[in-house]
Amino acid sequence: MGFIVNKPHPMQFDELVNKIDVPNPFILDQVDDQIKPVRIGGPVEEHRGFILHSADYEVESTVPINEEVSLTSTISALEDLALKRGPTRSVVSLGYSSWGANQLEEELQKNFWLTLDGPNELIFSDQLENKYDKALSLIGIHSRAAFVSEPGHA
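Residues numbered from 1 in each chain as written. Predicted model: local features only at pLDDT ≥ 70, side-chain atom pairs only at ≥ 80, totals over all residues. Heavy atoms only, no water.

A. Structural context of the overall build of the chain. Within the chain one finds five helices and eight strands. The linear arrangement of helices and strands in the chain, starting from the amino end, is β-α-β-β-β-β-β-β-α-β-α-α-α. The buried share of the chain, reckoned over its 154 residues, is 34%. By sequence separation, contacts in the chain at least 24 residues apart represent 69% of the contacts at least 6 residues apart. Accessible surface computed for the chain: about 9900 Å², of which carbon and sulfur atoms make up 51%. (Helix = DSSP H or I, 4+ residues; strand = E, 2+ residues; numbered from the N terminus. Buried < 20%, exposed > 50% of the residue type's maximum accessible area, 1.4 Å probe, protein only. Contact = heavy atoms within 4.5 Å. Areas by Shrake-Rupley, 256 points an atom, 1.4 Å probe, with all protein chains shown as cover.)

This is the structure in structure tokens:
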């Protein structure tokens, strides 16, 4: 299971909160005078919400990813975000990405994916338009022109 963190969803967080009827939400996470974006997490279960968040928030259903990042996918967690009782940092996504048994491992062996330990600033940043290029620069790729059309081994 994985989440795309750089593709904006057409639905804004305030619209999502209105759909779940949160009583008296704060007028939500403002980032540079804009509503915090909801992301397209992936093509699977596109109407299901997930919150990738800082580990300072935990409820019974929270799944720790590492010491600093956790995942929660409950309506009550969305309500907590809207009521300012949630985690310090978060990414709200609709949908997720998924692979079959051994599929991701095989794709990694074939170099279909570039991997890196993403810093929290990159994961939680709401500056979506340059997130991909920032991730590439962390592994030493400073131009998309450096890519070739066929994966392989050096």
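Additional details are given in the paragraphs that follow.
B. Structural context of the environment of Ser90. Looking at where Ser90 falls in the secondary structure, it is placed in strand S8 (residues 90–96). Distance in space between the C-alpha atoms of Ser90 and Ser125 is 9.0 Å, their sequence separation being 35 residues. Not counting the four nearest positions on each side in its chain, Ser90 is found in contact with Lys36, Arg39, Ile51, Leu52, His53, Leu81 and Phe124.

C. Local environment of the sheet that holds strand S7 (residues 69–72). Spatially, six strands are ordered S1-S4-S8-S5-S7-S6 in an open sheet, and the strand pairing comes out mixed. Both edges of this open sheet fall to strand S1 (8–12) and strand S6 (63–64), since each of them pairs with a single strand only. As paired strands, S1 and strand S4 (residues 37–40) are joined by two bridges and run antiparallel to one another. For Gln12, the partnering residue across the bridge sits in S4 and is Pro37. (Pairing = 2+ DSSP bridges.)

D. Seen up close, helix H5 (residues 131–138). If you check which residues of H5 are buried, you get Lys131, Ala135 and Leu136. The buried residues of H5 occupy an angular sector of 140° when projected down its axis, which confines them to one face. In this structure, the buried residues of H5 make contact with S4 and helix H4 (120–124). Immediately downstream of H5, the backbone of Gly140 shows phi near 90°, a positive value. (Arc of directions from axis to C-beta.)

E. Fine view of the pairing of strand S5 (residues 44–54). Summarising the sheet, S5 and S8 pair through six bridges and their orientation is antiparallel. For His53, the partnering residue across the bridge sits in S8 and is Ser90. Of the pairings in the sheet, the one linking S5 to S7 comprises four bridges and is antiparallel in character. Within S7, the residue paired with Ile51 across the bridge is Thr72.

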